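What the coordinates show
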Amino acid sequence: MVFAVLIYALHNDPELYPEPERFDPERFSEEAQASRPPYSYIPFSVGARNCIGQRYAMLEIKTMLVKVLANYRLLSCEDNNRLLIKTDMTLKPINGAFVKIVNRH
């Protein structure tokens, strides 16, 4: 018997995440997380096989996002804003994700 957790499907379940295609940072607030069942968001897996670099990766992501977003605006280069993804070890854009970087100053 094979058992698999489809993390992409879990993270895009409209019952857990209304309008899953819409960018909504508030869905990761403490209040929103508390309203969802445990293990409904597992980007680094969970349990004994949890990613050992999770804390470092999250700290690094937050630090870089603050630095980039404080100094630049990121704008889509695509007319339709539709990102096609493929499943690999992680999710990746099929044709890349092209953005324009505009200085805020």
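Okay, so let's go over this structure. (Residues numbered from 1 in each chain as written. Predicted model: local features only at pLDDT ≥ 70, side-chain atom pairs only at ≥ 80, totals over all residues. Heavy atoms only, no water.)

Moving on, we come to the overall build of the protein chain. For the protein chain, the count of helices and strands is three helices and four strands. Sequence-ordered secondary structure for the protein chain, helices as α and strands as β, is α-α-α-β-β-β-β. Its C-alpha atoms give the protein chain a radius of gyration of 16 Å, clearly above 13 Å, the size a compact globule of 105 residues would have. One way to put it: in the protein chain the 13 positive side-chain charges average out to a point 7 Å from where the 12 negative ones average out. (Helix = DSSP H or I, 4+ residues; strand = E, 2+ residues; numbered from the N terminus. Rg over C-alpha atoms; globule rule 2.2 N^0.38 Å. Lys, Arg positive; Asp, Glu negative; His and termini not counted. Charge placed at Lys NZ, Arg CZ, Asp CG, Glu CD.)

With that out of the way, let us pick up unusual backbone geometry. One non-glycine residue, Glu19, lies in the positive phi region at around 50°. Relative to the elements of secondary structure, Glu19 occurs in the loop between α1 (7–11) and α2 (30–35). One non-glycine residue, Ser45, lies in positive phi territory at about 70°. Tracing the sequence through the fold places Ser45 in the loop between α2 and α3 (54–71). Classification of Ser45 by relative accessible area gives partly exposed; the value is 36%. (Buried < 20%, exposed > 50% of the residue type's maximum accessible area, 1.4 Å probe, protein only.)

A grouping of Met58, Ile61, Leu65, Leu69, Tyr72, Leu74, Val99 and Ile101 is seen on the molecular surface, where their side chains present a nonpolar patch of about 700 Å² in accessible area. Taken together, the elements giving at least two residues each to the nonpolar patch come down to α3, β1 (72–76) and β4 (99–103). With respect to the helices, strands and loops of the structure, Leu69 is situated in helix α3. A relative accessible area of 41% places Leu69 in the partly exposed class. (Patch = residues over 30% accessible without salt bridge, like charges linked within 9 Å, V, L, I, M, F, W, Y side chains within 5 Å. Areas by Shrake-Rupley, 256 points an atom, 1.4 Å probe, with all protein chains shown as cover. Salt bridge = Lys/Arg side-chain N within 4 Å of Asp/Glu carboxyl O.)

On to the pattern of salt bridges, then. Scanning the model with the defined rule gives two salt bridges in all. Its salt-bridge partner being Glu19, residue Arg22 comes within 3.5 Å of it at the nearest N-O pair. Residue classification places Glu19 among the exposed positions, given a relative accessible area of 52%. With its nearest N and O atoms 3.5 Å apart, the salt bridge here joins Arg22 to Asp24. Given a relative accessible area of 41%, Arg22 falls into the partly exposed group. Among the ionic contacts, a cluster of salt bridges with common partners joins Glu19, Arg22 and Asp24.

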